[in-house]
Amino acid sequence: MFFSLKTSNKMEACRLANAHTRRLDALWKAHREGNKTAVDPHVALATLEVAGMSPGDAVRYPDHPAISDFVDRLIGQHEAHEPPPRITPQDKLTLDILYGAPVPKLLSDARDKHFELGKGPKGRVAKAQFERAWNLLMDITGDIPLDHLRREHGNEFVRRLVDDQGVGAETVKKYLAQVRPLISTGLLEFEINKPHPFEKLVIPNRDEGPRKPRDTYEIEELIAIQVACREKDDERRWLIAMLSDTMTRLAELLATRKEDVKLTVAVPHVLIRPNKVRRVKNPQSVRIVPLVGAALWAAQRAMQTEGEFLFPSLVKNVQQEDFSSGAASAALNKWLKENKLARKGQTLHGFRHTMRDRLRNVEAPRELVEQIGGWKRAGIGEQYGKGHSLELMQRYMLKTVLPLPGEGSAGQASAA
């Protein structure tokens, strides 16, 4: 079958050709499988397309003989006194569209629109997480019209994760966070007026929190870790030392560029911002963090390496699409455990929460703590203005610096 796509734009032609291909593939699949109950708008559109017709043609050309012939072929002829033949749901949808009914939007249409608007997952890891959640949804519902999605589907989604896969409440929330936004996009963009069926689903044991609690560190434990990092004095230990005194996330520091580390200024600091290797978690994550104590020592050591990155051996030929801190996290956590520097439940991320406690203990203002850590500030008022000055942040962070054996003072660490 040959026909014009009626466009000279190559990108638009590719999009239209792909849409036609999807419809025809759906039609041939329906013929092969012979499903009499499933309804697929792609099949309906392809059926009309093969017959040389378009949606609404029966309204535009009510007396055209081709319309009557098509309807007779689809449902069969019958005399006026005879009951009409039973029609399949799929053929009924085809006729409805022929007579001007709107074409139902499928879950896959919602997904495509979500991606088209730039709301899809970014990066290899996020894409893999999305695919797992999407495949589970398709296994439960199939590619049904979006307005056929029900709350029972959402409850089944949760049940399969909990009962069949044995995952915890936190993992269930992560799966829902992958599919819920694209459903929202579909309902909004396709102007479907119905409640969101995946909102406020009941997750068993939701209030129990993560299965693996992230314990904080005692001051004596932090001192032991920082001493061990100075003794080992290599790239991986510099990264651990910086994490221990900055309240940053591993993924934020791991791919830091040297141009974002400022050591020859009045307040040494590191700028956390996106670069060609890694993104940031949210807009609040873009921030400036003063370097004090072990973090300042580690940054000074790391700046002596070759290349543009602070930790070059840990970021080798990595593109943003493939960046993940998983391997580094596993290796560094393993070192802490093997050297008895971390107890069960303590991980690298525990440094972040420990620093929050350390700043509380020196009576740092809550807004200042949230600014350093890159958390969303609670009140509307705190969201205006530039926030606390770098000098004030440094003043409070200096109060948290730990006295290491042989240094005598808990003041600003110097290059050793």
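Remember, it's a predicted structure, so these values are computed and weren't measured experimentally.

A.B. asks: How do you make sense of the overall build of the protein when you look at a structure like this?
C.D. replies: Scanning the protein from terminus to terminus reveals 17 helices and three strands. Relative to its full complement of 416 residues, the protein shows a buried share of 42%. Counting only contacts in the protein whose residues sit at least 6 apart along the sequence, the fraction spanning at least 24 positions is 67%. Counting every atom, the protein has about 23000 Å² of accessible surface; 51% of that belongs to carbon and sulfur.

A.B. asks: Hey, could you run me through the sheet that holds strand β3 (residues 287-290) in this one?
C.D. replies: Sheets are built from strands paired through backbone hydrogen bonds, the pairs being either parallel or antiparallel. Judged by pairing direction, the sheet is antiparallel, and its three strands sit side by side in the order β1-β2-β3 without closing on themselves. Since the sheet does not close on itself, it has two edges, and those belong to β1 (261-262) and β3, each with one partner. Pairing of strand β2 (residues 269-272) with β3, which is carried by four bridges, proceeds in the antiparallel orientation. Within β3, the position partnered with Ile 272 by the bridge is Arg 287. In the packing of helix α17 (residues 390-398) onto the sheet, the strands contacted are β2 and β3, and the crossing angle to β3 comes to about 40°.

A.B. asks: Help me understand helix α13 (residues 293-302), please; the structure alone is not making it clear to me.
C.D. replies: Counting along an α-helix, one turn takes 3.6 residues, and residues three or four places apart therefore face a common direction. In terms of residue burial, α13 counts as a mostly covered element, since eight of its 10 residues are buried. All of the buried residues along α13 are Gly 293, Ala 294, Ala 295, Leu 296, Trp 297, Ala 298, Ala 299 and Ala 302. Buried residues belonging to α13 abut α10 (219-232), α11 (235-244) and β1.

A.B. asks: Please clarify how the nonpolar core should be interpreted in this entry.
C.D. replies: Soluble globular proteins: nonpolar side chains tend toward being buried together. The biggest cluster of nonpolar side chains holds 58 residues, and the ones touching the most others in it are Ile 240, Leu 336, Phe 351 and Leu 359. Considering every element that reaches this core, the biggest residue donor is α13, with seven residues. Leu 336 has contacts with Tyr 217, Ile 225, Ile 240, Leu 341, Ala 342, Leu 348 and Phe 351, leaving out every residue within four places of it along the chain. Ala 110, Phe 130, Leu 136 and Tyr 175 belong to the second largest nonpolar core, which has 29 residues in total.

A.B. asks: I'm lost on the packing of aromatic side chains in this one. Help?
C.D. replies: The description of two aromatic rings rests on the distance between their centres and on the angle between their planes. What the rule picks out here adds up to four aromatic pairs. For the pair Phe 115 and Phe 130, a centre-to-centre distance of 5.4 Å together with 65° between the ring planes defines the contact as edge-to-face. One end of the pair, Phe 115, is in helix α6 (residues 107-116); the other, Phe 130, is in helix α7 (residues 124-141), with 15 residues separating them in the sequence. On the basis of relative accessibility, which here comes to 38%, the residue Phe 115 falls in the partly exposed class. Residue class for Phe 130 comes out buried when judged on its relative accessible area of 2%. A connected cluster of aromatic rings, assembled from ring pairs, spans Phe 115, Phe 130 and Trp 134. Residue placement shows Lys 105 over the ring face of Phe 190; its charged tip is 5.0 Å from the ring centre. When the ring centre of Trp 375 is taken as reference, the NZ or CZ atom of Arg 356 above it lies at 4.1 Å.

A.B. asks: Just to check I follow, could you spell out α17 for this structure?
C.D. replies: For α17, the complete set of buried residues consists of Leu 390, Met 393, Gln 394, Tyr 396 and Met 397. An end-on view of α17 places all buried positions within 165° of arc, on one side of the element. Looking at the buried side of α17, the elements it contacts are β2, β3, α15 (349-361) and α16 (366-373).

A.B. asks: Is there a simple way to think about the packing of helix α4 (residues 65-75) against helix α5 (residues 89-98) in this case?
C.D. replies: When two helices pack together, their arrangement is given by the angle between the helix axes and the distance between those axes. Across the interface, α4 lies against α5 with an axial gap of 10 Å and an inter-helix angle of 165°. As the angle between them shows, α4 and α5 are arranged roughly antiparallel. For the crossing formed where α4 meets α5, the hand is left-handed. Of the residues in α5, those in contact with Ile 67, Phe 70, Val 71, Leu 74 and Ile 75 of α4 are Asp 91, Thr 94, Leu 95 and Leu 98. Among the residues making up the contact of α4 with α5, the classes are represented as seven nonpolar, one polar and one charged.

A.B. asks: Mind showing me how you'd approach the pattern of salt bridges here?
C.D. replies: A side chain of one charge can pair with a side chain of the opposite charge when the charged atoms of the two come close. A full pass over the atoms with the stated rule returns 27 salt bridges. Across the salt bridge formed by Glu 156 and Arg 160, the nearest N and O atoms sit 2.9 Å from each other. Of the two residues, Glu 156 and Arg 160 are both situated in helix α8 (residues 151-164); the distance of four residues between them amounts to about one turn of the helix. A salt bridge links Arg 257 to Glu 308, with the shortest nitrogen-to-oxygen separation between them at 2.8 Å. Taken as a pair, Arg 257 in the loop between α12 (250-254) and β1 and Glu 308 in the loop between α13 and α14 (326-338) lie far apart in primary sequence, 51 residues in all. A residue is classified by how much of its surface remains accessible, and Arg 257, at 16% relative accessible area, is buried.

A.B. asks: Which parts of the structure should I look at to understand the environment of Ala 295?
C.D. replies: If you trace the backbone, Ala 295 turns up in helix α13. Note: C-alpha distance between Ala 295 and Ala 241 (54 residues apart in sequence) is 5.6 Å. Those residues within four positions of Ala 295 in sequence are excluded, and the remaining contacts are Ala 241, Met 242, Asp 245 and Thr 246.

A.B. asks: What am I meant to see in the side chain of Asn 333 here?
C.D. replies: Position of Asn 333 relative to the elements: it lies in helix α14. With a relative accessible area of 15%, Asn 333 lands in the buried category. Those residues in contact with Asn 333, other than ones at most four positions away along the chain, are Thr 347 and Leu 348.

A.B. asks: Is there a simple way to explain the packing of α10 against α11 in this structure?
C.D. replies: Direction vectors running N to C along α10 and α11 enclose 150°, while the axes themselves pass 9 Å from each other. Classified by the angle between their axes, α10 and α11 sit roughly antiparallel to one another. Relative to α11, the crossing made by α10 is left-handed. Facing Leu 222, Ile 225, Gln 226, Ala 228, Cys 229 and Lys 232 of α10, the residues of α11 in contact are Arg 237, Ile 240, Ala 241 and Ser 244. When its residues are assigned to classes, the contact of α10 with α11 shows six nonpolar, two polar and two charged.

Calculation criteria
- Residues numbered from 1 in each chain as written.
- Predicted model: local features only at pLDDT ≥ 70, side-chain atom pairs only at ≥ 80, totals over all residues.
- Heavy atoms only, no water.
- Helix = DSSP H or I, 4+ residues; strand = E, 2+ residues; numbered from the N terminus.
- Buried < 20%, exposed > 50% of the residue type's maximum accessible area, 1.4 Å probe, protein only.
- Contact = heavy atoms within 4.5 Å.
- Areas by Shrake-Rupley, 256 points an atom, 1.4 Å probe, with all protein chains shown as cover.
- Pairing = 2+ DSSP bridges.
- Axes fitted to C-alpha atoms, helices over the stretch in contact; angles between N-to-C directions.
- Core = buried A, V, L, I, M, F, W, Y, C linked by side-chain atoms within 4.5 Å.
- Phe/Tyr/Trp six-rings, centres within 6.5 Å; stacked < 30°, edge-to-face > 60°.
- Lys NZ or Arg CZ within 6 Å of the ring centre and 35° of its normal.
- Arc of directions from axis to C-beta.
- Parallel < 35°, antiparallel > 145°, perpendicular 65-115°, else oblique.
- Left-handed = near helix turned anticlockwise from the far one by under 90°.
- Nonpolar A, V, L, I, M, F, W, Y, C, P; charged D, E, K, R; others polar.
- Salt bridge = Lys/Arg side-chain N within 4 Å of Asp/Glu carboxyl O.

These values are about where atoms sit, not about what they do.
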